[in-house]
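A structural walkthrough
In case you want the letters, here they are:
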Amino acid sequence: AIFLERSRAYPLDIKFLVDSRRNIYVNMDRLMKELLPHSNRWKNFNISFGGGKTSVNRFFESLQKLGLDKIHLPSLESLSINIDFSLISWFSDRTLSLLRWSAPRLRSLQLEDFTVDLRNFNSITHMSLTIYSYDFPFDWIHGLESLPSLRHLDLSIRCAHSNASSTPKWTLSSKHRRS
């Protein structure tokens, strides 16, 4: 907490690595409680999950318990969420409700095997989406059409159960819209 006070009004870059160790959740709850009063200064938020579905569920349960699942982040410019494990049937409609942050300045969104509700992220200009799970909800990708500011999209599909020997990769740059 002393470092948060010393940083005064400067922007904060937050990086988490969440695994399945039991004691990490107690420390994460404490850390998130200390970060909450400074949420107006969060500039970059990066979280990587390892250790399985339990680590993801516990983290978002902790956010919900602390009231951090639906907060306003006026300075957030970059959000990165990475799932570092492969799990069959990981996706459900519930993943869209795990994180409902309001971030009017969000410009960059990086997701690896994770989805978010895009309705609160209309200012995204750059997006990177990597898909490893064959059960990814591909209909979610159609929601990208609702992002008026999106100019650059990197889409990688690397399904673990695929027989393909190479990874297809598409990049959409400078998407133009007509009024």
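Everything below is about the structure printed above this text.
The structure displayed is predicted, hence computed values, not measured ones.

1. Examining helix 3 (residues 53-65)
For helix 3, spanning 13 residues, the distance from its first C-alpha to its last is 18 Å, which sits close to the expected 18 Å at 1.5 Å a residue. Phi turns positive one or two residues past the end of helix 3, at Gly-67, with a value near 75°.

2. Structural notes on the nonpolar core
Among the nonpolar cores identified, the biggest contains 48 residues, and Trp-42, Phe-45, Leu-79, Trp-101 and Met-127 are the most heavily contacted of them. Elements with a contribution of two residues or more to this core: strand 1 (12-18), helix 2 (24-35), strand 2 (42-49), helix 3, strand 3 (78-83), strand 4 (108-112), strand 5 (126-131) and strand 6 (152-157). Look past the residues within four positions of Phe-45 in its chain and what remains in contact with it is Ile-14, Phe-16, Phe-59, Leu-76, Ser-78, Leu-79, Ser-80 and Trp-101.

3. So, unusual backbone geometry
Positioned with a positive phi, Arg-8 is a non-glycine residue whose angle comes to about 55°. Inspection of the secondary structure assignment puts Arg-8 in the loop between helix 1 (2-6) and strand 1. A relative accessible area of 65% places Arg-8 in the exposed class. Even without a glycine there, the phi angle at Asp-113 is positive, about 50°.

4. Thoughts on the side chain of Glu-112
Counting through the fold element by element, Glu-112 comes out in strand 4. Non-local contacts of Glu-112, meaning those with residues more than four positions away in its chain, are made with Ile-81, Asn-82, Ile-83, Asp-84, Thr-130 and Tyr-132.

5. So, the pattern of salt bridges
For the structure shown, the criterion picks out two salt bridges. We note a salt bridge from Arg-119 to Asp-117, for which the minimum N-O separation is 2.5 Å. Since its relative accessible area comes to 12%, Asp-117 is described here as buried.

6. What about the environment of Asn-120?
With respect to the helices, strands and loops of the structure, Asn-120 is situated in the loop between strand 4 and strand 5. Each C-alpha atom of the pair Asn-120 and Trp-101 lies 6.9 Å from the other, and the pair is 19 residues apart in sequence. Ignoring sequence-local partners within four residues, the contact set of Asn-120 consists of Arg-100, Trp-101, Ser-102 and Ala-103.

The rules behind the values
- Residues numbered from 1 in each chain as written.
- Predicted model: local features only at pLDDT ≥ 70, side-chain atom pairs only at ≥ 80, totals over all residues.
- Heavy atoms only, no water.
- Helix = DSSP H or I, 4+ residues; strand = E, 2+ residues; numbered from the N terminus.
- Expected span 1.5 Å × (residues − 1).
- Core = buried A, V, L, I, M, F, W, Y, C linked by side-chain atoms within 4.5 Å.
- Buried < 20%, exposed > 50% of the residue type's maximum accessible area, 1.4 Å probe, protein only.
- Contact = heavy atoms within 4.5 Å.
- Salt bridge = Lys/Arg side-chain N within 4 Å of Asp/Glu carboxyl O.

By themselves these figures say nothing about function.
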